Amino acid sequence: MTSSIRFLMCSPHYYEVDYVINPWMEGNIHRSSLELAQEQWQGLYQIIANHADVDLVKPQPGWPDMVFTANAGLILDDQVVLSRFLHPERQGEEPFFKEWFESQGYTVHTLPAELPFEGAGDALLDREGRWLWAGYGFRTELDSHALVAQWLNIEVLSLHLMDERFYHLDTCFCPLTEGYLLYYPPAFDAYSNRLIELRVPAEKRIVVDEPDAVNFACNAVNIDRLVIMNQASDDLKRQLAAVGFEVMETPLTEFLKAGGAAKCLTLRVTEPLHPEPTGESGIVARTVTLTGHLLDSGLVNRALDLVVEGGGSFQVLKFDLGEQRQSTSSAEIRVSAPSLELMDEIMAQLIDLGAVALPDQEQDAHLVTINQAGVAPDDFYSSTIYPTEVRVQGQWVRVQNQRMDGVIVVSTSATGPAAVCKLLRDLQVGDQVIVGYDGIRSVRNAAERSRSTHQEEFSFMGSGVSSERRVELIVEQVAWELRRLRDQGGKTVVVAGPVVIHTGGGEHLSRLIREGYVQALLGGNAIAVHDIEQALLGTSLGVDMKQGTSVRGGHRHHLRAINTIRRYGSIANAVEQGVLTKGVFYECVRHNVPFSLAGSIRDDGPLPDTQMDLIAAQADYARLIEGCDMILMLSTMLHAIGVGNMTPAGVKMVCVDINPAVVTKLADRGSLESTGVVTDVGLFLSLLVKQLERLTQPHIAA
Ligand code: ARG
């Protein structure tokens, strides 16, 4: 029969289950019957040929999965994006498919090497031509979606596959005529399900149950009102019939053994452009540009992930891949979201990643004047740890005092515009603050670049929590860094909790201070109290530090320590008067290492040095952190998080705690330079001191 619809198929001449690259193939190696496979394939071929034209590509020996032509590439109009198979077992099919596409006059787009994309197995056009649904998670890399979107000039809705049985999108998802959708929701993550529900109205979604799904009911070929599949339950047939679709079953059990069925065995090669993609009402769109080492650094991936998780979709308007590894790429991406609110969330996060909202040429950041002290407009832009620039009067201005959770205040003077991060509470009437996300960019790429060169000397960077086996390695690297910073006049700040003292780390920390490795010490009342208790009375919270046993009357020891310092008016005075003669704070006083103790509700005493005005304490902390290169956070969740919030990106952070949750929290702040170590802090410090000894006396070590 003649028809304008064409499919590409490949005879199963060399078909066989020869290897395992998906769960269906497991246990089925050489278990399929070629004879039966041929018969079943013929059955499918006949049905399709009765309703459309079928082209054939020549099967090739040694490439048994070539029957699955859905994976040849993705076609739209006269363009095709050739597949880049993830598994070497299928990569040899690529040139044969390429040759066929070229012989038919298609313009063939080839993805960069090692950017997997498995064609129409993972990318399905909305049958109304409005957009492309694209899967990722198993065979196809999310990054490839950006290139596909650009080449085919179509909006892509990326769907994250979660169940390895449904490793290709077409195994669990089948767009049908008139915007209907046959699919198996549990195969997708929550974000993807939300995206599907936002785009396909409930009455058009036909949900398949697991028994049908594992019979590959979603792996169907749809021609107008006909749906061809391996097998369907009566219930599914009824559901489809109710909305005007006729199911035609044709057994394909031999192909199920390789993880494929009707749809996999075909590739629809006529996919006409639809004249006017219907403008969806309520959907808002913004264009952003991204520049940098987009693919290498995983930036595109993260950006698209963000869009997808935020319930949005994207279209790539331009994508200039850097020619060389060291040259940068740039992409112009049109982001769509179903509501302004979702769009705002997505945009804020994209800006964090370094995206710039277009049109940046004409757009200054929006400013609103504060009319109530300490209160910002609701849509204020909240700052991040990343270096940020804002566009004021046509020029990009670097924001000063960069920190997290601040508001950006812009001022103009004779020397031009200036921008600074302020805390909400510091806003004054008349301050001009930035709202929205126009004219804001965070300059992450250059930094990321320089960081990657740094990485060799400090290679544990790359946020992560270390396993115990890695502790020694990290200690080694921290020691190197401490040494380097000390020798080059850098600045290391230690934030420490009382556990440092309880675990016997006091003497090691004292030594670090004495030897010039620490330029400032931050903590609370408790670490100073316990350090001083230990120096004066030999106990920490009443426990003898040498014997490890409780001392009679020891429960009063920390109060005695506090009382003594109060008598002298300050820790420094107690040192000067010869009362306090050792310990962490003694060393600080002796070596002019500034410290700040921030108070809290549960403090005993407090020591006269403890700052009980928390706003003043935050300011002290901020001042001491300024310009530092590395921060060691030693077993204090509260103070470490406080410090994390006020520290800009680019500062190395090492968080040591026995509680993995604390470490994860800090290491998670998203900056490349934070590393967590789950271990006993006393042990960590003793290893660190030993390592430093080894570094300073290499001749002894050798
Ligand atoms: N054995 C093949 C593979 O794992 C099956 C491909 C199925 N094709 C598809 N479009 N789902 O690659």
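Residues numbered from 1 in each chain as written. Predicted model: local features only at pLDDT ≥ 70, side-chain atom pairs only at ≥ 80, totals over all residues. Heavy atoms only, no water.

### Focus on the overall build of the chain
Then, in step 1: Along the chain, the regular secondary structure elements total 23 helices and 36 strands.
Then, in step 2: When the backbone C-alpha atoms are referred to their principal axes, the chain occupies close to 105 × 60 × 50 Å.
Then, in step 3: In the chain, buried positions account for 54% of the 702 residues.
Then, in step 4: Expressed as a percentage of contacts within the chain between residues at least 6 apart in sequence, the contacts between residues at least 24 apart total 69%.
Then, in step 5: If you sum the accessible surface of the chain, you get close to 29400 Å²; carbon and sulfur atoms cover 49% of it. (Helix = DSSP H or I, 4+ residues; strand = E, 2+ residues; numbered from the N terminus. Buried < 20%, exposed > 50% of the residue type's maximum accessible area, 1.4 Å probe, protein only. Contact = heavy atoms within 4.5 Å. Areas by Shrake-Rupley, 256 points an atom, 1.4 Å probe, with all protein chains shown as cover.)

### Some points on the site of the ligand
Then, in step 1: With respect to spatial proximity, 17 residues lie near the ligand, and among them Asn22, Arg90, Arg139, Asp170 and Cys264 are the closest.
Then, in step 2: Take alanine 258: an N or O atom from its main chain is 2.8 Å from a nitrogen atom of the ligand.
Then, in step 3: Protein coverage of the free-state accessible area of the ligand, which is 340 Å², stands at 100%.
Then, in step 4: Its residues assigned to classes, the shell around the ligand comprises seven nonpolar, six polar and four charged. (Near = heavy atom within 4 Å. Polar contact = N/O pair within 3.5 Å; in protein donor to acceptor, adjacent residues only side chain to side chain. Nonpolar A, V, L, I, M, F, W, Y, C, P; charged D, E, K, R; others polar.)

### A closer look at helix α22 (residues 681-696)
Structural remark: α-helix, 3.6 residues per turn; residues separated by three or four positions point the same way.
Then, in step 1: In a regular helix each residue adds 1.5 Å, so 16 residues correspond to 22 Å; α22 covers 22 Å between its end C-alpha atoms and thus fits that length.
Then, in step 2: Val681, Gly682, Phe684, Leu685, Ser686, Leu688, Val689, Gln691, Leu692 and Leu695 are the residues of α22 that are buried.
Then, in step 3: Capping the start of α22 is the job of one residue whose side-chain oxygen sits 3.0 Å from the backbone nitrogen of glycine 682: aspartate 680. (Expected span 1.5 Å × (residues − 1).)

### A look at the pattern of salt bridges
Then, in step 1: Taken as a whole and assessed by the stated rule, the structure comprises 30 salt bridges.
Then, in step 2: Notably, a salt bridge pairs lysine 263 with aspartate 170, separated by 3.2 Å at the nearest N-O pair. Taken together, the residues lysine 263 in the loop between α8 (253-256) and β15 (267-268) and aspartate 170 in the loop between β8 (156-160) and β9 (173-176) connect sequence positions 93 residues apart. Comparing lysine 263 with aspartate 170, the two get one shared label, buried.
Then, in step 3: Here glutamate 693 and arginine 511 are joined by a salt bridge, their closest N and O atoms 2.8 Å apart. Placement of the pair is glutamate 693 in helix α22 and arginine 511 in helix α14 (residues 506-514), with a sequence separation of 182 residues.
Then, in step 4: Under the relative-accessibility criterion, glutamate 693 is labelled partly exposed at 32%. (Salt bridge = Lys/Arg side-chain N within 4 Å of Asp/Glu carboxyl O.)

### What to know about the sheet that holds strand β12 (residues 221-223)
Think of a sheet as strands paired side by side through backbone hydrogen bonds, with each pair either parallel or antiparallel.
Then, in step 1: Spatial strand order, β12-β13-β14: three strands in an open sheet with mixed pairing. The open sheet has two edge strands, β12 and β14 (246-249), and neither has a second partner. Pairs of neighbouring strands in the sheet enclose a mean axial angle of 25°, with direction left out of account.
Then, in step 2: Bridge analysis of strand β13 (residues 226-229) against β14 gives four bridges, and the strand direction is parallel. Residue pairing in the sheet places methionine 229 in a bridge with glutamate 249 of β14.
Then, in step 3: Packed on one face of the sheet, helix α1 (residues 34-51) meets β12, β13 and β14 and runs near 165° to β13. (Pairing = 2+ DSSP bridges. Axes fitted to C-alpha atoms, helices over the stretch in contact; angles between N-to-C directions.)

### Regarding the nonpolar core
Then, in step 1: With 58 residues, the main nonpolar core has Phe314, Ile333, Leu350 and Val390 as its most contacted residues.
Then, in step 2: If you tally residues by element for this core, the top one is helix α9 (residues 299-309), at seven residues.
Then, in step 3: Beyond its immediate chain neighbours, meaning those up to four positions away, leucine 350 contacts Val288, Ala303, Leu306, Val307, Val335 and Ala355. (Core = buried A, V, L, I, M, F, W, Y, C linked by side-chain atoms within 4.5 Å.)

### So, the sheet that holds strand β26 (residues 440-442)
Then, in step 1: Spatially, seven strands are ordered β20-β25-β23-β24-β22-β21-β26 in an open sheet, and the strand pairing comes out mixed. Either end of the sheet is taken by a strand with one partner, and the two such strands are β20 (366-369) and β26. Adjacent strand axes in the sheet meet at a mean angle of 35° when their direction is disregarded.
Then, in step 2: Pairing of β20 with strand β25 (residues 432-435) involves four bridges; the strand directions are antiparallel.

### Details of the side chain of threonine 270
Then, in step 1: Along the polypeptide, threonine 270 turns up in the loop between β15 and β16 (284-292).
Then, in step 2: At 2.9 Å, the side chain of threonine 270 forms a polar contact with the backbone nitrogen of arginine 6.
Then, in step 3: In contact with threonine 270, not counting residues within four places along its chain, are Ser4, Ile5 and Arg6.

### Structural notes on a negative patch on the surface
Then, in step 1: Taken together, Glu341, Asp344, Glu345, Asp378 and Asp379 make up a surface patch of like negative charges.
Then, in step 2: In this fold, aspartate 344 is placed in helix α10 (residues 340-352).
Then, in step 3: With relative accessibility at 36%, the residue aspartate 344 sits in the partly exposed group. (Patch = residues over 30% accessible without salt bridge, like charges linked within 9 Å, V, L, I, M, F, W, Y side chains within 5 Å. Lys, Arg positive; Asp, Glu negative; His and termini not counted. Charge placed at Lys NZ, Arg CZ, Asp CG, Glu CD.)

### Some details on the side chain of threonine 492
Then, in step 1: Position of threonine 492 relative to the elements: it lies in strand β28 (residues 492-496).
Then, in step 2: Those residues in contact with threonine 492 that sit more than four places away from it in its chain are Leu482, Leu485, Tyr517, Val518, Gln519, Ala520, Met630 and Leu632.

### Remarks on the packing of aromatic side chains
Given two aromatic rings, one states the distance between the centres and the angle between the planes to describe the pair.
Then, in step 1: Evaluated as defined, the whole model comprises 14 aromatic pairs.
Then, in step 2: The rings of Trp131, Trp133, Phe173, Tyr183 and Phe188 are connected pair by pair, giving a single aromatic cluster.
Then, in step 3: Positioned above the aromatic ring of tryptophan 131, the side-chain terminus of arginine 199 is 4.9 Å from the ring centre.
Then, in step 4: The ring of phenylalanine 245 has arginine 225 lying over it, and the distance from NZ or CZ to the ring centre is 4.4 Å. (Phe/Tyr/Trp six-rings, centres within 6.5 Å; stacked < 30°, edge-to-face > 60°. Lys NZ or Arg CZ within 6 Å of the ring centre and 35° of its normal.)

### Here's the deal with the environment of leucine 159
Then, in step 1: Mapped onto the fold, leucine 159 is located in strand β8.
Then, in step 2: Once residues lying within four places of it in the same chain are set aside, the contact partners of leucine 159 are Trp133, Ala134, Gly135, Tyr136, Leu169, Phe173, Phe188, Ser192, Leu195 and Ile196.

### Regarding the pairing of strand β1 (residues 6-10)
Then, in step 1: Within β1, four of the five residues are buried, which leaves the element mostly enclosed by the surrounding structure.
Then, in step 2: Where β1 lies against β15, two bridges are found, and the strand directions are antiparallel. Bridging across to β15, leucine 8 finds its partner in leucine 267.

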